[in-house]
Amino acid sequence: MKKSQPEIGLFIPCYVDQFFPQVAIATLELLEKLGCKVSYPLGQTCCGQPLANAGYERDTEGSSRHFLELFKQFDYIVAPSGSCVLHVKEHFPKLSDMEQEQNRVHDRIYELTEFLTDVLKVDSLKGSFPKKVGFHSSCHGLRGLRLASSSEMNVTPFNKAKQLLQNLEGLEWVELSRVDECCGFGGTFSVTEEALSVQMGRDRLQDHQSHQVEIVTGGDMSCLMHLQGIADREGSSLKFMHVAEILNQAIL
Amino acid sequence: MSSRENILKAIRGIQRERKELPTLPDFKLEGDLVDLFIRAIQANKGEVMGEEEFNNWVSSCDFHSIISLSEPFQSLSTFELPEDPHHLNHLQLAIIQGQFGVAENGAIWLNDSQLPHRVLPFITEHLVIVLSKENLVDTLHQAYERIGEEHSGFGLFVAGPSKTADIEQSLVVGAHGAKSLRVVLM
Amino acid sequence: MSHPKAASQFLKDHANSLWHDETLWMVREKRDAISKTIPEWEELRNLASQIKDKVLSNLDVYLENFEANAQKNGIKVHWAKDAAEHNQIVLGILREKNCQAIVKSKSILTEECHLNPYLEKNGVEVVDTDLGERIVQFLQQPPSHIVMPAIHLKKRDISALFHEKLQTEKGNEDPSYLTNAARLHLRKKFLGSKVAITGVNFGVAETGEFVVCTNEGNADMGVHLADVHIACMGIEKIIPRRKDLGVFLRLLARSATGQPITNYNSHFRSPAKGKEIHLVLVDNGRSLQLAREKFRNSLKCIRCGACMNTCPIYRRSGGYSYGSTVPGPIGSILSPGLDMKKYSTLPFASTLCGSCSDVCPVKINIHEQLYEWRQEITKHHGEFGKGLSMKLASGIFKSPLAYKISGSTMRKAIKLLPKGLIYNPLNVWGKNRDLPEAPKESFQEWYKKNRG
């Protein structure tokens, strides 16, 4: 990090806060290990994504305003979720009296892996994680934030999470048959289109299983929660870890 | 007010930002045009052959109804072009002169000057297009450049035989039109 | 039927839905492979999108130019404000020509206008000549995919159907054999029709010509043998210059099926001697869509179907689950513009994964428009009633505050209650999925203790 320590605000999505505190802890510890000055502003609520994706963006003014107030003074905002970061960047309703704060937050908010590769300029990390790892490319991070090249496009392939993971000692990166197909979570979709959602999840799991993956990782716990929910119900031995957990565990 | 006026008026009433048309770059191909063209035709389920191979093929086939509109092969014609195109229904082979071919996709340009009946390349059971190696362009961009302002009532890029995959995505060559396409590259 | 209902029905036949998914995925893989052989692929998409931007910003002028040039070439141009007028125009031409049987090649527009039932009601026999369309026509079904109309059927279904309709051998499922039977059957129809109808892929303003693309050659077999060619064209199908065809034809077939070009690409500029070409320009809601700024560029669509092949929902729910003429992602942003109430569940039949937008050759931001339609549709929630499930509006996502409070309640509830008793959305979640194990404390609680 530079000498004048930038202040990083840790944005922890509500469901991570409630269900996956270990992912938030890993994110915090990882950033600290990399020399960052991180704080977690208290009083965070849901960013409003579920409501907006359900068609009620107009009802998220309150939560958006609250978010901007909480985070506006930070130099960077980092979250272990591509989906929620994309929501903050693209789907906050326009708040005419907070345009400046909105622009500032838009330009300073990062998903964890892109913060590591693009801001901290981490090329590769030293550490060890001797497992066969399958990566679930969550759609909002992939095609919204461009955390990796999408398989549809004719561009030079890249993947920011892979860049961080692939040099860990012993880690075997597994290439899937369908590298970036959606898992079927989709927020409220997982409930309103239950049958499709579950089938899509099963198909993703099948891809990982047929490649003898031991640990499924990814940048969004929402997708992993959905996949794990199906895997657990079906008695699968697949394990699920957020990228932050692997990195934090690996680099010691 | 007529529907024409209604539609145009509705469109005119819409606030729209002015946009500019992009200039089109002159994208080209890398590699030998003849090779690329041959591979493209093959991928489209057509065949490319030389003059000799073609002659051998025709003589082995024993066609009794052939129309040839290609000068070097005029003698192969077995009958005159009928006035009514419906009479082409049992035509076994049509030999047509192609104007030029497109290496990127195997498409060959024909227009009314090669097609006294527009249905000819479709209704015939087998289609042969004679093309000079000199007349190959890289991509469709050069193709339309070459067509330029040419004024023909009908123009056709034909790139292969009639085909379909509408039954379980299994490719079948010979749907409604010509069951085969052979390109004689001179 | 709502999309979720139709989708779960489609999924019940697991072997079939798996086949459907894998077959369309294969088409997408072919598209991926061929698009990656074109170094300028992304640039072509940009160009196509920019050309269409220009068209939409200047549509009135281009339409007038197109009409004037087409008329100069001897084409008769008609204008239809809606489906009903389109159908009347077509019937009028048929009556004038005293024609009672026609052949028609693929045209999504005529499907949209429900031309076939209208003509049949008026005593005209309509024969769809694209093989896939003929198959679904025999079954009195609409196409389930805009490029592969019979993709929902298996060869055994088609074999049985052709045995009944075309007297093919019972049990012979060989696609070549079945295709040849259709060839013989349709050849007679081509030879006997005085009028042939086609759709239009592109209309060129600068020349007044229009282009029709097929692999089967059915459009040309029909029109060149008929005396009269009626071409039905949506007003958004205009492109400015002939050379723009280079961009669009390079993208179209590669995106649709992974082939470098369709085998037949016919450019119609004027009728052959002694024949007639009629062109029907149809609005049917397009000028309304043009006026909706957020949804305007859905009109860039060139109907390649790539968004259907890539859509993880479409592949697993089938075309009929959408209940709209154009199914899949593009259909879900076009259809609500025609009837918001009827199609209110379609924009929700998506995870907003964005694959449709990345695959689209004219770069329509399909998934962003799905999001925007959701915002529109919920404004009319009351009127639409149950079509749009109440689950969306109630339950855990009611407000940020409720979410916040329910978070801790929920953690406790999960710990205490048997799965069956947890309230509705979680109930649905739990049908086939476990819930995450509830942790002892939230991150916030941990943070206060450890970093506070």
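Rules used throughout
Residues numbered from 1 in each chain as written. Chains lettered and ligands numbered in written order. Predicted model: local features only at pLDDT ≥ 70, side-chain atom pairs only at ≥ 80, totals over all residues. Heavy atoms only, no water. Helix = DSSP H or I, 4+ residues; strand = E, 2+ residues; numbered from the N terminus. Buried < 20%, exposed > 50% of the residue type's maximum accessible area, 1.4 Å probe, protein only. Contact = heavy atoms within 4.5 Å. Areas by Shrake-Rupley, 256 points an atom, 1.4 Å probe, with all protein chains shown as cover. Polar contact = N/O pair within 3.5 Å; in protein donor to acceptor, adjacent residues only side chain to side chain. Pairing = 2+ DSSP bridges. Axes fitted to C-alpha atoms, helices over the stretch in contact; angles between N-to-C directions. Phe/Tyr/Trp six-rings, centres within 6.5 Å; stacked < 30°, edge-to-face > 60°. UniProt positions renumbered as here; feature names shortened; annotations may be inferred. Salt bridge = Lys/Arg side-chain N within 4 Å of Asp/Glu carboxyl O. Domains from an automatic or database assignment. Buried area = accessible area lost by both parts, 1.4 Å probe. Core = buried A, V, L, I, M, F, W, Y, C linked by side-chain atoms within 4.5 Å. Nonpolar A, V, L, I, M, F, W, Y, C, P; charged D, E, K, R; others polar. Parallel < 35°, antiparallel > 145°, perpendicular 65-115°, else oblique.

Caption draft 1: Seen up close, the overall build of chain A. Broken down by element type, chain A carries 13 helices and 8 strands. Taking all 252 residues of chain A together, 66% fall into the buried category. Excluding contacts between residues fewer than 6 apart, the proportion of contacts in chain A whose partners are at least 24 apart in sequence is 79%. Summing over all exposed atoms, chain A offers an accessible surface of approximately 9100 Å²; the carbon and sulfur share of this is 48%.

Caption draft 2: Local environment of the side chain of serine 357 of chain C. Residue and element names in this part refer to chain C. With respect to the helices and strands, serine 357 occurs in helix H17 (residues 355-359). For serine 357, a relative accessible area of 10% translates into the label buried. Here histidine 367 takes part through its side chain, which lies 2.7 Å from a polar atom of the side chain of serine 357. Filtering out sequence-adjacent residues up to four positions away, serine 357 remains in contact with Arg45, Ile364, Asn365, Ile366 and His367.

Caption draft 3: Summary view of the sheet that holds strand S5 (residues 202-204) of chain C. A sheet is described by the order of its strands in space; here 8 strands give the open sequence S7(B)-S4(B)-S5(B)-S8(B)-S9(C)-S6(C)-S5(C)-S8(C), paired in mixed fashion. This sheet does not close on itself; its edge strands, each paired only once, are strand S7 (136-137) of chain B together with strand S8 (238-239) of chain C. For strand S5 (residues 108-111) of chain B and strand S8 (residues 154-158) of chain B, the ladder comprises 4 bridges, and the chain directions are antiparallel. Opposite isoleucine 108 of chain B, over in S8 of chain B, you have valine 158 of chain B as the bridge partner. Across the sheet, helix H11 (residues 218-225) of chain C touches S8 of chain B together with strand S6 (210-214) and strand S9 (264-268) of chain C, and the angle it forms with S9 of chain C is around 35 degrees.

Caption draft 4: Representation of the packing of aromatic side chains within the structure. Applying the stated criterion across every chain, the model contains 28 aromatic pairs over all chains. With a centroid separation of 5.6 Å and 80 degrees between ring planes, the pair formed by tyrosine 144 of chain B and phenylalanine 157 of chain B is classed as edge-to-face. One end of the pair, tyrosine 144 of chain B, is in helix H5 (residues 140-147); the other, phenylalanine 157 of chain B, is in strand S8, with 13 residues separating them in the sequence. Here tyrosine 144 of chain B matches phenylalanine 157 of chain B in class, with each residue buried. Arranged with centres 5.3 Å apart and planes meeting at 25 degrees, the rings of phenylalanine 210 of chain C and phenylalanine 268 of chain C form a pair that is stacked. Linking phenylalanine 210 of chain C in strand S6 with phenylalanine 268 of chain C in strand S9, this pair joins segments that are 58 residues apart in sequence. An identical accessibility class is assigned to phenylalanine 210 of chain C and phenylalanine 268 of chain C; each is buried. An aromatic cluster of three or more residues is present, and its members are Phe11, Phe67, Phe71, Phe74 and Phe92 of chain A.

Caption draft 5: Highlighting the UniProt feature "domain: Cysteine-rich" (unreviewed entry) in chain A. The positions that UniProt labels "domain: Cysteine-rich" (unreviewed entry) are, in the present scheme, residues 9-88 and 133-228 of chain A. Taken end to end, residues 133-228 of chain A is 43% helix and 11% strand, and its two terminal C-alpha atoms sit 15 Å from one another.

Caption draft 6: View of the interface of chain C and chain A. Facing the 74 residues of chain C at the interface are 70 residues of chain A. The interface formed by chain C and chain A contains 10 salt bridges. Note that arginine 316 of chain C and glutamate 181 of chain A form a salt bridge whose closest N and O atoms lie 2.8 Å from each other. At the boundary of chain C and chain A, one finds 40 residue pairs in polar contact (both at pLDDT 80 or more).

Caption draft 7: Seen up close, unusual backbone geometry. All names here are of chain B. Even without being a glycine, lysine 45 presents a positive backbone phi close to 75 degrees. Position of lysine 45 among the secondary structure elements: in the loop between helix H2 (33-43) and strand S1 (47-49). What makes lysine 45 partly exposed here is its relative accessible area of 43%. Phi angles above zero are rare outside glycine, and glutamine 169 is one such case at about 60 degrees. Positionally, glutamine 169 belongs in the loop between strand S9 (163-164) and strand S10 (172-173). Of the residues examined, glutamine 169 reaches a relative accessible area of 17% and is grouped as buried.

Caption draft 8: Quick peek at H11 of chain C. Counting buried residues in H11 of chain C gives 8 out of 8 residues, a clear majority hidden from the surface. Those residues of H11 of chain C that sit buried are Asn218, Ala219, Asp220, Met221, Gly222, Val223, His224 and Leu225 of chain C.

Caption draft 9: The arrangement of the chains, seen in detail. Taking contact number as the criterion, the leading pair out of 2 pairs of chains in contact is chains B and C. Across the gap from chain A to chain B, with no contact made, the nearest C-alpha atoms are 16 Å apart.

Caption draft 10: Fine view of the domain arrangement of chain A. All names here are of chain A. By domain assignment, chain A separates into domain 1 (7-119) and domain 2 (132-251). Between domain 1 and domain 2, the C-alpha centre-to-centre distance is 21 Å. Tallying the contact residues gives 28 residues for domain 1 and 22 residues for domain 2. Summing the contributions of domain 1 and of domain 2, the shared interface buries around 2100 Å²; its carbon and sulfur component is 69%. Among the residues of domain 1 in contact with domain 2, Leu86, Thr113 and Thr117 are the three that bury the most area, contributing 22% of the side total.

Caption draft 11: How the structure looks around the nonpolar core. Membership of the largest hydrophobic core comes to 85 residues, with the highest contact counts inside it found for Phe11, Phe115, Leu116 and Leu168 of chain A together with Phe443 of chain C. Filtering out sequence-adjacent residues up to four positions away, phenylalanine 11 of chain A remains in contact with Gln44, Cys47, Phe67, Phe71, Ile77, Val78, Ala79, Pro80, Cys84, Val85, Val88 and Ile109 of chain A. Phe100 and Ile147 of chain B together with Trp41 and Ile108 of chain C belong to the second-largest nonpolar core, a separate cluster that totals 78 residues.

Caption draft 12: Structural view of the interface of chain C and chain B. Taken together, the contact between chain C and chain B spans 90 residues of the former and 66 residues of the latter. Summed over both sides, the interface of chain C with chain B buries roughly 6700 Å², with 60% coming from carbon and sulfur. Sorting the residues of chain C by area buried against chain B places Arg183, Asn263 and Tyr264 of chain C first, and these three jointly supply 11% of that buried surface. Connecting chain C to chain B are 6 salt bridges. Between arginine 12 of chain B and glutamate 64 of chain C there is a salt bridge whose closest N-O contact spans 3.1 Å. Taken together, the residues that form the side of chain C that touches chain B break down as 42 nonpolar, 23 polar and 25 charged. For S8 of chain B and S9 of chain C, the ladder comprises 5 bridges, and the chain directions are antiparallel. Within S9 of chain C, the residue paired with phenylalanine 157 of chain B across the bridge is asparagine 265 of chain C.

Caption draft 13: Structural context of the sheet that holds strand S4 (residues 109-111) of chain A. Residues and elements named next belong to chain A. As summarised here, the arrangement of the 4 strands in space is S2-S1-S3-S4, forming an open sheet in which the pairing is parallel. Sheet topology places strand S2 (37-39) and S4 at the edges, where each strand pairs with a single neighbour. Pairwise comparison of adjacent strand axes, ignoring direction, gives a mean angle of 30 degrees for this sheet. Across 3 bridges, the pairing between strand S1 (residues 7-10) and S2 is parallel.

Caption draft 14: Looking closely at the packing of helix H1 (residues 3-12) of chain B against helix H4 (residues 59-72) of chain C. Packing of H1 of chain B against H4 of chain C leaves a shortest axis separation of 8 Å and a crossing angle of 150 degrees. When the axis of H1 of chain B is compared with that of H4 of chain C, the two are roughly antiparallel. Between H1 of chain B and H4 of chain C, the residues in contact are Arg4, Leu8, Ile11 and Arg12 of chain B and Leu59, Asp60, Leu63, Glu64 and Glu67 of chain C, respectively. Grouping the amino acids of the contact of H1 of chain B with H4 of chain C by side-chain chemistry returns 4 nonpolar, no polar and 5 charged.

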